[in-house]
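Residues per chain, in single letters:
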Amino acid sequence: MKKLGRGGFGTVYQASSILLLNYVAIKEIEGATTDEKAQKVFINELKRLNGTNHERIIKFYGISLDKKTRSCYLVMEFANNGTLREYLQKNKLEWPEKIQLASQIAEGMSYLHSIEIIHRDLVKHLF
Ligand SMILES: Nc1ncnc2c1ncn2[C@@H]1O[C@H](COP(=O)(O)OP(=O)(O)OP(=O)(O)O)[C@@H](O)[C@H]1O
């Protein structure tokens, strides 16, 4: 439906899901079917996402392959408040809200660590 942004591996789109009756985010992994390095990135991301189940972590629904273009897509929960950075820029938060957000982020990170995933670029999303 619309382009949401672009990350290190490709473009992210917003789409609507008939099955979920909701919006989803679709992340294209460019070259995942043709380029060996992109393939590794795709499989690694898939393994990590597939094993996660926590309220502070974006849900992963599955993958999709466009047979025509040979592009691979990750289908995920749509975050309707945008990125954390966008949220922080739009809203002037008071200390109690800041503390609540920090504690929710810590919950998500703690969960990821418990399943041996390291985020590695959390700071990038805050500043
Ligand atoms: N689940 C989502 N819901 C809503 N918007 C999203 C979602 N995932 C990504 N986006 C949007 O797409 C942009 C790019 O996301 P992407 O995850 O590819 O970038 P990134 O955070 O730089 O990740 P990476 O480090 O993996 O490249 C984000 O900045 C955000 O605006």
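This is a predicted model, so every value here is computed, not measured.

### Considering the confidence of the model for the chain
- Residues of the chain with pLDDT of at least 70 account for 95%, and the chain-wide mean is 86.
- Mean pLDDT across the elements of the chain ranges from a minimum in helix H1 (residues 36–50), with 78, to a maximum in helix H3 (residues 95–114), with 95.

### Remarks on unusual backbone geometry
- A positive phi angle is found at glutamate 116, which is not glycine, with a value near 60 degrees.
- Relative to the helices and strands, glutamate 116 is located in the segment after H3.
- Under the C-beta neighbour-count criterion, glutamate 116 is labelled exposed, with 8 such atoms within 10 Å.
- Positive phi, close to 75 degrees, is recorded for arginine 120, a residue that is not glycine.
- One can find arginine 120 in the segment after H3.
- Its 7 C-beta neighbours within 10 Å are what place arginine 120 among the exposed residues.

### Here's the deal with H3
- For H3, with 20 residues, the first-to-last C-alpha span of 28 Å sits near the 28 Å given by 1.5 Å per residue.
- The element H3 is barely covered by neighbouring structure, given that only zero of its 20 residues are classed as buried.

Cut-offs used in this document
- Residues numbered from 1 in each chain as written.
- Predicted model: local features only at pLDDT ≥ 70, side-chain atom pairs only at ≥ 80, totals over all residues.
- pLDDT = per-residue confidence, 0-100.
- Helix = DSSP H or I, 4+ residues; strand = E, 2+ residues; numbered from the N terminus.
- Buried ≥ 20, exposed ≤ 12 C-beta atoms within 10 Å, placed from the backbone.
- Expected span 1.5 Å × (residues − 1).

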